[in-house]
Amino acid sequence: MSLTDTVGKCAAIATIGTFFAPVLICRDIIKNKSTKNVDPTPFIGGMAMSILMIKNGLLMNDPNIIPVNIFGFILNFIYFLVFYFYTADSKPLFSMLTKATLFTGVLWGYTTIEDEKLIEYRFGVILTILMLTLIGSPLFSLNDIIKNKDASMLPLPMIASGAFVGFLWLIYGLLIDNIFIKVQNIVVVILCLIQLGLIFKYPKPDSKKRD
């Protein structure tokens, strides 16, 4: 097995591991019987991105991408069901799901009509933008985090595992010399490190009291 194959398989396995990070979030939801201060965006966005990454894997004919994202979709769907069961208001949740479903359908349809010579590059650009938006979405509340000195809304397990997996995929991208995988994961690692810095600078209020 070549170094590229080894790194690719390690990255794929590590990615599967990150899919279990939300289990801790769901555990708290079940324990508190509430979704207060929990954002469903990672679950819905995770389902959408998994579907789009499956399509990207088909376009690239990359065996490391497809099975990982099939598994990712299944897990994110389970997390979505947990959130739905305990949420007090499901209307915003289904509104978000509907928009994500329509958007995903449009992009999947786009891949069927685009020029075969251009689709891999253009779809790669679209996925890069979407992935970075999803991963960086918690930073949209940066002003509130700094103002309240509370980063408890940032999901530590997902961010920490995301940084590690991003680093592995970055190495894989360098080995196969794929510009999209390289750019995506350079930014992923940077965004995750910024969020980790905020988590340690502004810990949960309960943690501050114990200190």
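Predicted model only: the values in this text are computed from it and were never measured.

Cut-offs used in this document
Residues numbered from 1 in each chain as written. Predicted model: local features only at pLDDT ≥ 70, side-chain atom pairs only at ≥ 80, totals over all residues. Heavy atoms only, no water. Axes fitted to C-alpha atoms, helices over the stretch in contact; angles between N-to-C directions. Helix = DSSP H or I, 4+ residues; strand = E, 2+ residues; numbered from the N terminus. Parallel < 35°, antiparallel > 145°, perpendicular 65-115°, else oblique. Left-handed = near helix turned anticlockwise from the far one by under 90°. Nonpolar A, V, L, I, M, F, W, Y, C, P; charged D, E, K, R; others polar. Phe/Tyr/Trp six-rings, centres within 6.5 Å; stacked < 30°, edge-to-face > 60°. Buried < 20%, exposed > 50% of the residue type's maximum accessible area, 1.4 Å probe, protein only. 1 Å grid on protein atoms, 1.4 Å probe; cavity = no way out; pocket = protein on both sides within 12 Å on 5 of 7 lines; lining within 4 Å. Points joined across faces, edges and corners; volume = space filled by probe spheres on them. Expected span 1.5 Å × (residues − 1). Contact = heavy atoms within 4.5 Å. Core = buried A, V, L, I, M, F, W, Y, C linked by side-chain atoms within 4.5 Å. UniProt positions renumbered as here; feature names shortened; annotations may be inferred.

Caption draft 1: Fine view of the packing of helix H8 (residues 156-176) against helix H9 (residues 179-201). As a packed pair, H8 and H9 sit with axes 8 Å apart at the nearest point and diverge in direction by 155°. Between H8 and H9, the angle is such that the two are roughly antiparallel. The two elements H8 and H9 cross, and the hand of that crossing is left-handed. In terms of residue class, the contact of H8 with H9 is made up of 17 nonpolar, 5 polar and 1 charged.

Caption draft 2: Broad picture of the packing of aromatic side chains. Tallied over the entire structure, the rule returns 8 aromatic pairs. Here Phe43 and Tyr79 contribute two aromatic rings whose centre-to-centre distance is 5.9 Å and whose plane-to-plane angle is 50°, an arrangement assigned as tilted. Here the residue Phe43 occupies a position in helix H3 (residues 41-60), and Tyr79 occupies one in helix H4 (residues 66-86), the gap between them amounting to 36 residues. In terms of burial, Phe43 and Tyr79 fall into one category: buried. Ring centres of Trp169 and Tyr172 lie 5.4 Å apart, and the angle between their planes is 80°; this geometry places the pair in the edge-to-face category.

Caption draft 3: Spatial organisation of the layout of surface pockets. By volume, the second largest pocket is sized at about 380 Å³. If you trace the second largest pocket, you find 16 residues lining it, with Gly45, Ala100, Phe103, Leu130 and Leu134 closest to the centre. For the lining of the second largest pocket, the secondary structure elements donating two or more residues are H3, helix H5 (91-113) and helix H6 (116-136). Considering each element in turn, the lining of the second largest pocket owes the most residues, 6 residues, to H3. Considering only residue class, the lining of the second largest pocket consists of 10 nonpolar, 5 polar and 1 charged.

Caption draft 4: A look at H6. Taking 1.5 Å per residue as the helical rise, H6 with its 21 residues ought to reach 30 Å, and the 31 Å between its terminal C-alpha atoms agrees with that figure. Restricting attention to buried positions, one finds in H6 the residues Ile119, Phe123, Gly124, Leu127, Thr128, Met131, Leu132 and Gly136. Buried residues belonging to H6 abut H3, H5 and H9.

Caption draft 5: Seen up close, the nonpolar core. Core analysis: the largest hydrophobic core is formed by 32 residues, its most contacted members being Ala151 and Leu154. Listing elements by their share of this core, those giving two or more residues are helix H1 (3-18), H3, H6, H8 and H9. Not counting residues up to four positions away in its chain, the partners in contact with Leu154 are Pro138, Ile145, Ile159, Gln195, Leu198 and Ile199. Of all hydrophobic cores here, the second largest spans 16 residues; its members include Ala12, Ile29, Leu93 and Ala100.

Caption draft 6: Just the UniProt feature "transmembrane region" (unreviewed entry) in the protein chain, in detail. As annotated in UniProt, the feature "transmembrane region" (unreviewed entry) corresponds to residues 12-30, 42-59, 65-86, 93-111, 123-142, 154-175 and 181-200 in the numbering used here. What you have in residues 12-30 is 84% helix and 0% strand, and the ends, taken at the C-alpha atoms, are 29 Å apart. Overall, residues 65-86 shows 95% helix and 0% strand. The separation of its end C-alpha atoms is 32 Å.

Caption draft 7: Looking closely at the packing of H3 against H4. As a packed pair, H3 and H4 sit with axes 8 Å apart at the nearest point and diverge in direction by 165°. If you check the angle between H3 and H4, you find them roughly antiparallel. The hand of the H3/H4 crossing is left-handed. Between H3 and H4, the residues in contact are Pro42, Phe43, Ile44, Gly46, Met47, Ser50, Ile51, Met53, Ile54, Gly57 and Leu58 and Ile66, Asn69, Ile70, Gly72, Phe73, Asn76, Phe77, Tyr79, Phe80 and Phe83, respectively. Within the contact of H3 with H4, the residues separate by chemical class into 15 nonpolar, 6 polar and no charged.

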